[in-house]
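Listed below, chain by chain, are the residues.
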Amino acid sequence: MNASDNGARSASGDGDRAGSGGVGLLDAVAIEVGLIVGAGLFSLTGVATSFAGTGVPIAYVVTFAIVSMSIVPTAVLGSAHPTTAGNYWYPSRLWSPVVAFFTAWGLSVSMFGGGLPVYALSFGDYVDSLAPVDPTAVGALVLAAFFLVNLVGIEMAARVQSLLFLTLVSSLGVFVVFGAPAVDPGNFQPPLSTGVGGLLTGAGILYFVCLGANFVVDLGEDIQAATVTIPRSFAISIPVVFVCYVATAVVAVGTVGADAMAGATLAVPAEAALSPALSTYFVVGGALFAIATTINGVYIIAPKYMQVLADDGFFPAALARTNDRFDTPHWALAVVFVCSLASLLSPLPIAELGSLLGYGGIVLIVPMMVAAVRFVRRYPDRYAATPVPIAPRTTLALAVGAVVANAVLLALLASQNLALFGTWLGLTVLGGGAFLLARVWYFRRQGVDFPASVDTAFSPARLEDDGMTASGDESAADARSFATEEGEQ
């Protein structure tokens, strides 16, 4: 059977089933905030201060401005056709499935090499600051715990995320409110102590710290009334996180100074400005819960990519299978867990691989912006029907601006460690290329011209009065049938 015959039906069916899941507006906001506010805020703020100096709060403003440029086009796509693994699906249908595959592969290298293992190790380090433990062992337990939570189902994972989210926001509020009186304006002199170049480099380091909300379009199938919930969730999560981040940076540098904050974690200003009880609450409810929400968010989203890539034929069919009891992708979740655990336990310098996140996150944005531009131009009527109140020309300008800004940030970030960037690029291009060639060889043995056989048709979903996409596509019943057939061969 042709790879496009049923793989495409799965993708088109996603949009039709959008809104039938149990992820509401608060859950979506919690997932977005959890993905944005993670270990990076607590560990990379100090790293960014090493480059941006007294200008690190402004570096956060610059980074959020760049991230926000891509949020509007992403919201447009997410509301026009809610689907699963949108950051892969939209570029694959509106641009090139091969390009979309490589960006997803690059994100996987970043996430499994410098994402989940770094977060897990950071979690263990923070626990070790409270009581003597083995950080690596604690990190492994955390990875296992969230693997089990997500194995039970996305609704359970979303409820856990919401509880973690509320505690996280309150702890950041404690740090800002009780730390503000200790801020010394003299610690911000001179302004932009490292110049514009240092400011922009710091912004590049903070990029992935501020990225994350865009990944909610990967859950379109599971979000209630996704066509309106996705843009609304962006409108809530981005301002909330922006205020939290800038205020946190102001308090951090303002209390101890740029020199003391450079290379340090937020535990340093917390100990200096807060009482022992509040400092402990900040470390537990802030640092630990921030890392936990990010790990949980990755577990929620990463299997979605594997399922859709398996539907299209890029990944083995087993990754698209779900278990009968919880209807969760157990094999895809197992891959996330095993790959992350292997990286954590390997002799790699995990603590130094945080920059990998920036590479994968930046590169992922570009194909999405191309897809948004093509959508606006090809489907003006459907764009007008989306609940995003922005003129088409503005959306196009934001998409183009986001591509340029992301290219500049990638160049700055790569220049800080050319060896690490070269390794990531090699694993993405050569590793992904070798895997793709293996899949091409497999399908040719089946008489299928892959990946040309992937159906790239894009049909925007019709909007109903309640904000949900229209249902009733009979082909949705055949979702993932191609993956099933491959697995039976």
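The structure displayed is predicted, hence computed values, not measured ones.

Visitor: I'm lost on the overall build of the chain in this one. Help?
Guide: When you go through the chain residue by residue, the secondary structure sums to 21 helices and zero strands. Counting across all 489 residues of the chain, residues that qualify as buried make up 60%. Of all intrachain contacts in the chain linking residues separated by at least 6 positions in sequence, the fraction that spans at least 24 positions is 85%. Accessible area of the chain: about 17700 Å², with a carbon and sulfur share of 65%.

Visitor: It is not clear to me how the pattern of salt bridges should be interpreted in this structure. Could you clarify?
Guide: Pairing between side chains of opposite charge can happen when the charged atoms of each approach one another. For the coordinates displayed, the defined rule picks out one salt bridge. A salt bridge links Arg 93 to Asp 312, with the nearest nitrogen and oxygen atoms 2.7 Å apart. Of this pair, Arg 93 sits in helix α5 (residues 86–94) while Asp 312 sits in helix α15 (residues 276–312); the two residues are 219 residues apart in sequence, bridging distant segments of the chain. The exposure class of Arg 93 is buried, given its relative accessible area of 4%.

Visitor: Can you help me understand the packing of helix α4 (residues 56–80) against helix α12 (residues 226–256) in this one?
Guide: To characterise two packed helices, one gives the angle between the axes of the helices and the distance between these axes. Two elements in contact, α4 and α12, have axes whose closest approach is 10 Å; the angle formed by their N-to-C orientations is 175°. On the basis of their axis angle, the class for α4 and α12 is roughly antiparallel. Across the contact of α4 with α12, the residue classes break down as 19 nonpolar, five polar and no charged.

Visitor: Would you mind showing me how to read helix α7 (residues 116–130) here?
Guide: Three or four residues apart is the spacing at which side chains of an α-helix point the same way, because the helix has 3.6 residues per turn. The terminal C-alpha atoms of α7, which comprises 15 residues, lie 22 Å apart, in line with the 21 Å expected from a rise of 1.5 Å per residue. α7 sits mainly inside the fold: eleven of its 15 residues count as buried. For α7, the full list of buried residues reads Leu 116, Pro 117, Val 118, Tyr 119, Ala 120, Leu 121, Ser 122, Phe 123, Gly 124, Tyr 126 and Val 127.

Visitor: Got a minute to help me understand the environment of Tyr 119 in this structure?
Guide: Checked against the element boundaries, Tyr 119 lands in helix α7. Tyr 119 sits in the buried class, given a relative accessible area of 6%. Taking the C-alpha atoms as reference, Tyr 119 lies 9.7 Å from Val 142; in sequence the two are 23 residues apart.

Visitor: Would you mind going over the side chain of Asn 87 with me for this structure?
Guide: Relative to the helices and strands, Asn 87 is located in helix α5. With a relative accessible area of 1%, Asn 87 lands in the buried category. For Asn 87, the side chain forms a polar contact with the side chain of Tyr 305, separated by 3.4 Å.

Visitor: What is the right way to read unusual backbone geometry from this model?
Guide: If a residue is not glycine, its phi is most likely negative; likewise, a peptide bond is most likely trans. Here the amide bond leading from Gln 189 into Pro 190 is cis, since omega sits at -5°, within 30 degrees of zero. By secondary structure assignment, the location of Pro 190 is in the loop between α9 (154–179) and α10 (195–205). Between Phe 450 and the following residue, Pro 451, the backbone shows a cis peptide bond with an omega angle of 5°. Structurally, the position occupied by Pro 451 is in the loop between α20 (418–445) and α21 (481–488). The phi angle at Ala 85 is positive, at roughly 55°, despite the residue not being glycine. Along the chain, Ala 85 falls in the loop between α4 and α5. A positive phi angle, near 50°, is found at Leu 192, a position not held by glycine. Note that Leu 192 resides in the loop between α9 and α10. Overall, the relative accessible area of 32% leaves Leu 192 in the partly exposed class.

Visitor: What's the story with the nonpolar core in this structure? I'm lost.
Guide: Most often, soluble globular proteins keep nonpolar side chains buried together rather than apart. Of all hydrophobic cores here, the largest spans 149 residues; its most connected members are Tyr 245 and Tyr 305. Leave out the neighbours within four places in its chain, and Tyr 305 touches Ala 85, Asn 87, Tyr 88, Ala 104, Leu 107, Phe 215, Asp 218 and Leu 364.

Visitor: How should I be thinking about the environment of Val 127 in this particular structure?
Guide: Within the secondary structure, Val 127 sits in helix α7. Take Val 127: its relative accessible area is 19%, and that puts it in the buried class. For the pair formed by Val 127 and Val 138, sequence separation is eleven residues and the distance between their alpha carbons is 8.0 Å. The residues contacting Val 127, other than those within four sequence positions of it, are Val 133, Val 138 and Leu 288.

Visitor: How should the environment of Ala 85 be read in this particular structure?
Guide: Residue classification places Ala 85 among the buried positions, given a relative accessible area of 0%. Separated by 217 residues in the primary sequence, Ala 85 and Ala 302 have C-alpha atoms spaced 8.4 Å apart. What Ala 85 contacts, discounting residues up to four positions off in sequence, is Val 217, Asp 218, Lys 304, Tyr 305 and Val 308.

Visitor: What's the story with α20 in this structure? I'm lost.
Guide: Taking 1.5 Å per residue as the helical rise, α20 with its 28 residues ought to reach 40 Å, and the 40 Å between its terminal C-alpha atoms agrees with that figure. Along α20, the positions that sit buried rather than exposed are Leu 420, Phe 421, Trp 424, Thr 428, Gly 432, Gly 433, Leu 436, Arg 439, Val 440, Tyr 442 and Phe 443. One or two steps after α20, the chain reaches Gly 447, where phi turns positive at roughly 80°.

Visitor: Please clarify how a nonpolar patch on the surface should be interpreted in this entry.
Guide: Among the surface-exposed residues, Ile 58, Val 61, Leu 192, Val 196 and Leu 200 lie close enough to one another that they form a single nonpolar patch of about 370 Å² accessible area. The set of elements that each furnish at least two residues to the nonpolar patch consists of α4 and α10. Tracing the backbone through its elements, the reader meets Val 61 in helix α4. Its relative accessible area of 36% is what places Val 61 among the partly exposed residues.

Visitor: When you look at the confidence of the model for the chain in this model, what are you seeing that I'm missing?
Guide: Reading fine detail from the predicted coordinates is not recommended where pLDDT is low. With 84% of its residues at a pLDDT of 70 or more, the chain has an overall mean of 80. At the level of individual helices and strands, the chain shows its lowest average pLDDT in helix α1 (residues 3–17), which scores 39, and its highest in α20, which scores 93. Within the model, pLDDT remains below 50 along residues 1–21, and this stretch shows 76 contacts once partners closer than five positions in the same chain are excluded. For the stretch residues 463–489, pLDDT sits under 50, and the model shows 64 contacts to residues farther than four places along the chain or on other chains.

Conventions and cut-offs
- Residues numbered from 1 in each chain as written.
- Predicted model: local features only at pLDDT ≥ 70, side-chain atom pairs only at ≥ 80, totals over all residues.
- Heavy atoms only, no water.
- Helix = DSSP H or I, 4+ residues; strand = E, 2+ residues; numbered from the N terminus.
- Buried < 20%, exposed > 50% of the residue type's maximum accessible area, 1.4 Å probe, protein only.
- Contact = heavy atoms within 4.5 Å.
- Areas by Shrake-Rupley, 256 points an atom, 1.4 Å probe, with all protein chains shown as cover.
- Salt bridge = Lys/Arg side-chain N within 4 Å of Asp/Glu carboxyl O.
- Axes fitted to C-alpha atoms, helices over the stretch in contact; angles between N-to-C directions.
- Parallel < 35°, antiparallel > 145°, perpendicular 65-115°, else oblique.
- Nonpolar A, V, L, I, M, F, W, Y, C, P; charged D, E, K, R; others polar.
- Expected span 1.5 Å × (residues − 1).
- Polar contact = N/O pair within 3.5 Å; in protein donor to acceptor, adjacent residues only side chain to side chain.
- Core = buried A, V, L, I, M, F, W, Y, C linked by side-chain atoms within 4.5 Å.
- Patch = residues over 30% accessible without salt bridge, like charges linked within 9 Å, V, L, I, M, F, W, Y side chains within 5 Å.
- pLDDT = per-residue confidence, 0-100.

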